[in-house]
Structure formats: C-alpha cells, structure tokens
Amino acid sequence: MTAADMERLDTPLAVLAARVDALNALKRTRMAAGLLAEERHQCDPDDAAFALLPCPHPEACSTDADYPEWAVDLAEQIRASNTTRRTR
C-alpha cells in the first residue's frame, strides 16, 4: 500500500468528530425516547388491573396435591442433568 492509497482511506479528524457527535446525539435521542416510554408505562392505568388478574381465582391454581409425582420427577430430572454435566 502506498502513501496515496493511505490518503484515500484516511478520514479527516473533522469528519470523524462530526460522526461521533452525530452518534452521541442519536444515542441521547434514543435514550430520551426510551425513558419517556418507560414513564408512560409506569403511568398505565390498566397496569394495576392487569396485575390483579390471577388473584381473584386461587381455586383455579394448581397445587402440589394436584400433581403428587411432580416433585419426584423434577428431582430425577435435576439429578440426571447434574450427572450429565459432570461427565462432559
């Protein structure tokens, strides 16, 4: 590669500085938009109602008594997974 080739590839400092400034401005814009979206979500009037959906019907939730074999099966899966991981 010659000096002439390097000159064609070299970017002037002013151009680099302008690109960095533009990227920083874009980052600030996106951050502000994200913060505003999060703020709108925090003020969502339906959020509290959504959070209460599963609560009024505890009789519809399953318990360990509904699946007596579940704990034994899970323990076996964990044991098999641990054994497999140790042999790798």
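Right, let's walk through the structure included here. No experiment lies behind these values; they were computed from the predicted model shown.

1. A look at a nonpolar patch on the surface
Phase 1: Residues Tyr67, Trp70, Leu74 and Ile78 make up a contiguous nonpolar surface patch of about 420 Å² in total accessible area.
Phase 2: Relative to the helices and strands, tyrosine 67 is located in the loop between α3 (47–52) and α4 (70–86).
Phase 3: Take tyrosine 67: its relative accessible area is 48%, and that puts it in the partly exposed class.

2. Here's the deal with the pattern of salt bridges
Phase 1: Tallied over the full model, the rule gives one salt bridge.
Phase 2: Arginine 79 serves as the salt-bridge partner of glutamate 76, at 2.6 Å between the closest nitrogen and oxygen. Here glutamate 76 and its partner arginine 79 are both found in helix α4, three residues apart, which amounts to about one turn of the helix.
Phase 3: Classification of glutamate 76 by relative accessible area gives partly exposed; the value is 41%.

3. Structural notes on the environment of alanine 48
Phase 1: In this fold, alanine 48 is placed in helix α3.
Phase 2: Here alanine 48 falls in the exposed class, since its relative accessible area comes to 51%.
Phase 3: Put simply, alanine 48 and isoleucine 78 are 30 residues apart on the chain and 36 Å apart in space, counted from C-alpha to C-alpha.

Conventions we followed
- Residues numbered from 1 in each chain as written.
- Predicted model: local features only at pLDDT ≥ 70, side-chain atom pairs only at ≥ 80, totals over all residues.
- Heavy atoms only, no water.
- Patch = residues over 30% accessible without salt bridge, like charges linked within 9 Å, V, L, I, M, F, W, Y side chains within 5 Å.
- Areas by Shrake-Rupley, 256 points an atom, 1.4 Å probe, with all protein chains shown as cover.
- Salt bridge = Lys/Arg side-chain N within 4 Å of Asp/Glu carboxyl O.
- Helix = DSSP H or I, 4+ residues; strand = E, 2+ residues; numbered from the N terminus.
- Buried < 20%, exposed > 50% of the residue type's maximum accessible area, 1.4 Å probe, protein only.

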